[in-house]
Amino acid sequence: MKRYMGDAMLLITAFVWGSGFVVTAIALQYLTAYQVMAGRFILATFILLIIFGYKFKNFNLSIVWRGIVLGIILYISFALQTVGLEYTTPSKNAFITAVNVVVVPIIAFFAFRRAIDRQEVIASILALIGIGFLSLQGSFTINLGDFLTLLCAIGFAFDIFFTNVFVQKEDALSLTIVQFMTASCIGAIVLLFQGDFTVTMEKEGWYAIIYLAIFSTTIAYVCQNWAFQYTTATRAAIILSTEALFGTIMSVLILHEVLSGRMIFGAVLIMTAILIAELKPFLYFKRRKDAKKRIVS
């Protein structure tokens, strides 16, 4: 039962993150990328502290340092994604971000020397080709927004990898609180150095920040970090990868974004790469089952 609850939480996370690409694009019409970052994390941290403040009694050095690591990775990844969205479209931002699923096995190889199999190599090549169709312009150059988004995908791959490792040893909510506190502190420091601290903005800007803080940050990360304890990494990655589809659907419906045939083809290649990378265990066991049937017969 908990496994299905975990899958449901991840699906909610994917949908909320998909809508977050559109809401962030709206927020950037009224605020700078770093104001959006600081606003969403500071407000999300206050919400977590009000609801789960009792978790402080469980804090120890292990939770704190792991949460700080996750917070640093989270802020850098979101900063790259948010700044990238200033120079590219929400749909492209969503699909390139989803490439993080393909990057995770590469991180696992360097961290644990786990072999990269043929399916992962094929998936990586397909993902790169897909990014090319999605992002390369007529002069075969990639714009700044797409490049920053690709870097953010690598950052989120590290976030997924370390979160999966850390929640097996520490309380998920406690890690999330420290993670958000760290990201909030970084966001505030960046704004102080830039001199962009302000509480006066258009109401649309406030609405966007509130949505991002409550849904795309607090609810999404609490659901994700909790769900990682009760579902497999493969199922989690497949479900979370659907955020790209949700992001594209929302950007077309709300922002009336127009997708070219080449962009759609690139997006299909990226989704195919993600499925190849994450479904390979099922393919492997299916081949073994078929082989056993042939032997028996």
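The paragraphs below set out a description of the structure included in this document.

Rules of the game
- Residues numbered from 1 in each chain as written.
- Predicted model: local features only at pLDDT ≥ 70, side-chain atom pairs only at ≥ 80, totals over all residues.
- Heavy atoms only, no water.
- Helix = DSSP H or I, 4+ residues; strand = E, 2+ residues; numbered from the N terminus.
- Buried < 20%, exposed > 50% of the residue type's maximum accessible area, 1.4 Å probe, protein only.
- Contact = heavy atoms within 4.5 Å.
- Salt bridge = Lys/Arg side-chain N within 4 Å of Asp/Glu carboxyl O.
- Phe/Tyr/Trp six-rings, centres within 6.5 Å; stacked < 30°, edge-to-face > 60°.
- Axes fitted to C-alpha atoms, helices over the stretch in contact; angles between N-to-C directions.
- Left-handed = near helix turned anticlockwise from the far one by under 90°.
- Nonpolar A, V, L, I, M, F, W, Y, C, P; charged D, E, K, R; others polar.
- Polar contact = N/O pair within 3.5 Å; in protein donor to acceptor, adjacent residues only side chain to side chain.
- Parallel < 35°, antiparallel > 145°, perpendicular 65-115°, else oblique.
- Core = buried A, V, L, I, M, F, W, Y, C linked by side-chain atoms within 4.5 Å.
- Patch = residues over 30% accessible without salt bridge, like charges linked within 9 Å, V, L, I, M, F, W, Y side chains within 5 Å.
- Areas by Shrake-Rupley, 256 points an atom, 1.4 Å probe, with all protein chains shown as cover.

## Section: the overall build of the chain
- Along the chain, the regular secondary structure elements total 12 helices and zero strands.
- Counting all 297 residues of the chain, 51% fall into the buried class.
- Counted over contacts in the chain with a minimum sequence separation of 6, partners at least 24 positions apart contribute 90%.

## Focus on the pattern of salt bridges
- A full pass over the atoms with the stated rule returns three salt bridges.
- Among the salt bridges present, the one from D171 reaches K55, with a minimum N-O distance of 3.4 Å. You can see D171 sitting in the loop between helix 7 (144–166) and helix 8 (172–194) and its partner K55 sitting in the loop between helix 2 (33–52) and helix 3 (61–85), a full 116 residues away along the chain.
- Linking K92 and D146 is a salt bridge whose minimum nitrogen-to-oxygen distance equals 3.1 Å. Of this pair, K92 sits in helix 4 (residues 90–97) while D146 sits in helix 7; the two residues are 54 residues apart in sequence, bridging distant segments of the chain.

## Brief notes about the packing of aromatic side chains
- The final tally for this structure, using the stated rule, is 14 aromatic pairs.
- Seen in terms of ring centroids, W65 and F166 are 5.8 Å apart; in terms of plane orientation they differ by 75°. Their pairing is edge-to-face. Placement of the pair is W65 in helix 3 and F166 in helix 7, with a sequence separation of 101 residues.
- Residue class for F166 comes out buried when judged on its relative accessible area of 6%.

## Here we look at helix 4
- Burial analysis of helix 4 places eight of its eight residues in the buried class, the great majority of the element.
- P90, S91, K92, N93, A94, F95, I96 and T97 are the residues of helix 4 that are buried.

## Things to note about the packing of helix 4 against helix 7
- At a minimum axis separation of 8 Å, helix 4 and helix 7 run at an interaxial angle of 35°. Here the hand of the crossing between helix 4 and helix 7 comes out right-handed. Contacts from K92, N93, I96 and T97 of helix 4 reach helix 7 at D146, T149, L150, C152, A153 and F156.
- Of the residues in the contact of helix 4 with helix 7, the class split is five nonpolar, three polar and two charged.

## Considering the side chain of D146
- D146 gets classed as buried once you look at its relative accessible area, which sits at 0%.
- Among the polar contacts listed, one links the side chain of D146 to the side chain of K92, at a separation of 3.1 Å.

## Details of the packing of helix 8 against helix 9 (residues 203–227)
- At their nearest, the axes of helix 8 and helix 9 sit 9 Å apart, and the two run at 140° to each other. With respect to helix 9, the axis of helix 8 lies oblique. Crossing handedness for the pair helix 8 and helix 9: right-handed. Facing helix 8, whose interface residues are A172, L173, T176, Q179 and F180, helix 9 presents T217, T218, Y221, V222, N225 and W226.
- Residue composition of the contact of helix 8 with helix 9, grouped by class: six nonpolar, five polar and no charged.

## Thoughts on the side chain of E170
- The topology assignment puts E170 in the loop between helix 7 and helix 8.
- In terms of polar contacts, E170 uses its side chain to reach the side chain of R66, at 3.0 Å.
- Every residue in contact with E170, bar those within four places of it in the chain, is listed here: N60, S62, I63, R66 and L175.

## Topic: the nonpolar core
- F41, L74, F78, V99 and Y221 are the most contacted members of the largest nonpolar core, which totals 57 residues.
- Discounting residues that sit within four places of it in the chain, V99 has contacts with A127, I131, A153 and I270.
- The next biggest cluster of nonpolar side chains, apart from the first, holds 13 residues, and it includes A27, L28, V83 and L85.

## Side note on a nonpolar patch on the surface
- On the surface, I12, W206, Y207, I210, I214, F215 and I219 cluster together into a nonpolar patch covering about 590 Å² of accessible area.
- Among the elements that make up the nonpolar patch, the one with the highest residue count is helix 9 (six residues).
- Among the structural elements, F215 can be located in helix 9.

## Notes on the environment of E257
- Position of E257 among the secondary structure elements: in the loop between helix 11 (243–254) and helix 12 (261–296).
- Note: C-alpha distance between E257 and P90 (167 residues apart in sequence) is 8.5 Å.
- With residues near it in sequence (within four places) discarded, E257 still touches T89, P90, S91, S251, V252 and M263.

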